[in-house]
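# Results of the structural survey
What follows is each chain in one-letter form.
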Amino acid sequence: MNTDQFLVKSQLESIDSASFTWQTPSNIALVKYWGKSNPQIPKNASISFTLNNCHTITTIDFIRKEKSKNVTFKMFFEGEQKDEFKPKIAEFFKRVQRYCPYIFDYEMTINSENSFPHSSGIASSASGLSAIAMCLMSLEKELSSEISTEFMDKKASFLARLGSGSASRSIQGPLVVWGKHLEIEGSSDLFGVQFPYKVHSVFENYQDVILLVDKGEKQVSSTLGHNLMIDHPYAENRFKQANENLGKMSKILQEGDMKNFINLVESEALTLHAMMMTSDPYFILMKPNTLEIINKIWEYRQENKSNICFTLDAGANVHVLFPENEKEAIHQFIKQELSLYCDNNQYISDRVGLGAKILSN
Ligand code: PMV
């Protein structure tokens, strides 16, 4: 695999200080990534919708310092210094230092905030790490004027991936594939690419309402979760199935085949959870209310001939997906019925969005 393309080869300019602010989205996978090998190479290709309202905004201030052997930074989250967030970010800097040698030249102050509540059970690593990656790429662009926007996005996705696999899918939108797949032109294990084919209009402005069933800390960290796929009795079949599912999903998205979209998305969600239930150690990440909601969605779909469906992340929250033309009716249904199964009746209305945005530089 050609990672050399991401090394800095040109002579870098020297600047004393810089500051960049990026907004990067969260994403929700339709075909899931679960299982990886080192360094952050997925066992199967995945595809996700980029979200519009769930995002992270991060500013990094760079002040030039004497070059040292250490990467130095301060971390603030929603206005407060958060040293407990530093180890994960320090590990990220360690993984990217080969590709971003300029991080040794600056004292960095990172200020970050999420549009969604921190303890909502919504994973913030995808949007969090992609935002840091975009800020690094903005600095790289200042230091080396040869960089195109296309390369910037590609390398940002490559860097973000080294922090959290799904973060590689949080640079562009509205549909991003990560992982080499024969039927997806340009796809790579190293970075996410925008789905390269024309998508049917039913998926335009697709809606996602996130039902907050359990706002607690993740029961299974991603690292532990992916490791559960090592020596998992069903692992090889799962990776094969996911790759086949991505081929199917590609056709479904192009043809606007709603029935098969629903089948595939729900099956992927349940398979992800089935992997966790059948691993050693095993976990049940759904809560009773997750199942109540799933059953309600199935009833509603049947009774209203609706195209509503659900997907799940590695937790108890439910993402309710539906086309824009059903927005009004389904928002009513969510408000009146599904919200009763949410923690404090809380949910977040979102829709598919377009990817990273620079807010200031
Ligand atoms: O990016 P990670 O290492 O946090 O893994 C995320 C895995 C899932 O969210 C469960 C599935 C996916 O493809 O996003």
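Position numbers for residues count from 1 along each chain, tracking the sequence in the order it is written. Local features are withheld for residues below a pLDDT of 70 in this predicted model, meaning they are given only at 70 or higher, and side-chain atom pairs are given and counted only at 80 or more; totals for whole chains, interfaces and linings count all residues. To obtain the side-chain values, all non-hydrogen atoms of the structure were included, while hydrogens and water were left out.

With that out of the way, let us pick up the packing of helix H2 (residues 125-143) against helix H3 (residues 149-163). Angles run from 0 to 180 degrees between N-to-C directions of axes, and those axes are lines fitted to C-alpha atoms, restricted for helices to the stretch in contact. Only DSSP runs of H or I covering at least 4 residues are called helices, and only runs of E covering at least 2 are called strands; the numbering of each starts at the N terminus. Contact geometry of H2 with H3 gives a least axis separation of 8 Å together with a crossing angle of 135°. It follows that H2 is oblique to H3 by the angle criterion. By crossing handedness, the relation of H2 to H3 is classed as right-handed. The segment H2 lies against H3, with Leu129, Ser130, Ala133, Met134, Met137, Ser138, Glu140 and Lys141 engaging Phe151, Met152, Asp153, Lys155, Ala156, Leu159, Ala160 and Gly163. Under this grouping Gly is polar, as are all residues other than the nonpolar Ala, Val, Leu, Ile, Met, Phe, Trp, Tyr, Cys and Pro and the charged Asp, Glu, Lys and Arg. Its residues assigned to classes, the contact of H2 with H3 shows nine nonpolar, three polar and four charged. What sets the label is the angle itself: under 35 degrees gives roughly parallel, over 145 gives roughly antiparallel, 65 to 115 gives roughly perpendicular, and the rest give oblique. Should the near helix be turned anticlockwise from the far one by less than a right angle, the crossing is termed left-handed; should it be turned clockwise, right-handed. Whether two residues touch is decided by their heavy atoms; if any such pair falls within 4.5 Å, the residues are in contact.

The next point concerns the environment of Ile330. As for its placement among the helices and strands, Ile330 is situated in helix H8 (residues 327-336). Residues Ile330 and Gln207, spaced 123 residues apart in sequence, show a C-alpha to C-alpha distance of 9.9 Å. Not counting chain neighbours up to four residues away, the residues in contact with Ile330 comprise Tyr300, Ser306, Ile308 and Phe322.

In this section: the site of the ligand. Nearness here has a simple test: a residue counts as near a molecule or strand if at least one of its heavy atoms is within 4 Å of that partner. Looking at the ligand, there are 13 residues lining it, with Tyr33, Ser166, Arg169, Ser222 and Asp313 nearest. One nitrogen or oxygen atom from the side chain of Ser164 is found 3.0 Å from an oxygen atom belonging to the ligand. Two N or O atoms count as a polar contact when they lie within 3.5 Å, although within protein this holds only if one can serve as hydrogen donor and the other as acceptor, and sequence-adjacent residues are included solely when both atoms are side-chain atoms. In the model, an oxygen atom of the ligand is placed 2.6 Å from a nitrogen or oxygen of the Ser166 side chain. Per-residue and other accessible areas were derived by the Shrake-Rupley procedure at a 1.4 Å probe size, with only the shown protein chains allowed to occlude residues. In the complex, 93% of the free accessible area of the ligand, which totals 380 Å², lies under the protein chains. Across the shell around the ligand, the residue classes tally to five nonpolar, five polar and three charged. Residue-level mapping places the shell around the ligand at the junction of two domains, with at least three residues from each of domain 1 (4-197) and domain 2 (202-351). Domain extents, as shown, originate in an automatic or database domain assignment.

This next bit is on the side chain of Lys155. Relative to the helices and strands, Lys155 resides in helix H3. Within the structure, Lys155 has its side chain in polar contact with the side chain of Glu140 (distance 2.8 Å). Here Lys155 is in contact with Phe6, Val8, Tyr99, Cys100, Met137 and Glu140, once residues within four sequence places are set aside.

Further remarks concern the domain arrangement of the protein. Domain annotation of the protein identifies domain 1 (4-197) and domain 2 (202-351). Between domain 1 and domain 2, the C-alpha centre-to-centre distance is 25 Å. Each side of the interface is counted separately: domain 1 has 34 residues, and domain 2 has 43 residues. Both sides together, the interface formed by domain 1 and domain 2 hides about 3200 Å², and carbon and sulfur atoms give 67% of it. Among the residues of domain 1 in contact with domain 2, Leu30, Lys32 and Trp34 are the three that bury the most area, contributing 25% of the side total. For any pair of parts, buried area is found by adding up, for both, the accessible area (1.4 Å probe) each one loses once the two are put together.

Below, the discussion takes up unusual backbone geometry. When glycine is set aside, most residues are seen to have a negative phi, and most peptide bonds are trans. Pro39 follows Asn38 through a cis peptide bond whose omega is -15°. With respect to the helices, strands and loops of the structure, Pro39 is situated in the loop between strand E2 (36-37) and strand E3 (41-42). The linkage connecting Gly173 with the following residue, Pro174, adopts the cis geometry, with an omega of 0°. Tracing the sequence through the fold places Pro174 in the loop between H3 and strand E8 (175-178). We note that Asp231 has phi near 65°; this positive angle belongs to a residue other than glycine. When you line up the elements, Asp231 lands in the loop between helix H4 (222-227) and helix H5 (235-255). The phi torsion at Asn344 lies on the positive side, around 55°, for a residue other than glycine. Relative to the helices and strands, Asn344 is located in the loop between H8 and strand E13 (347-351).

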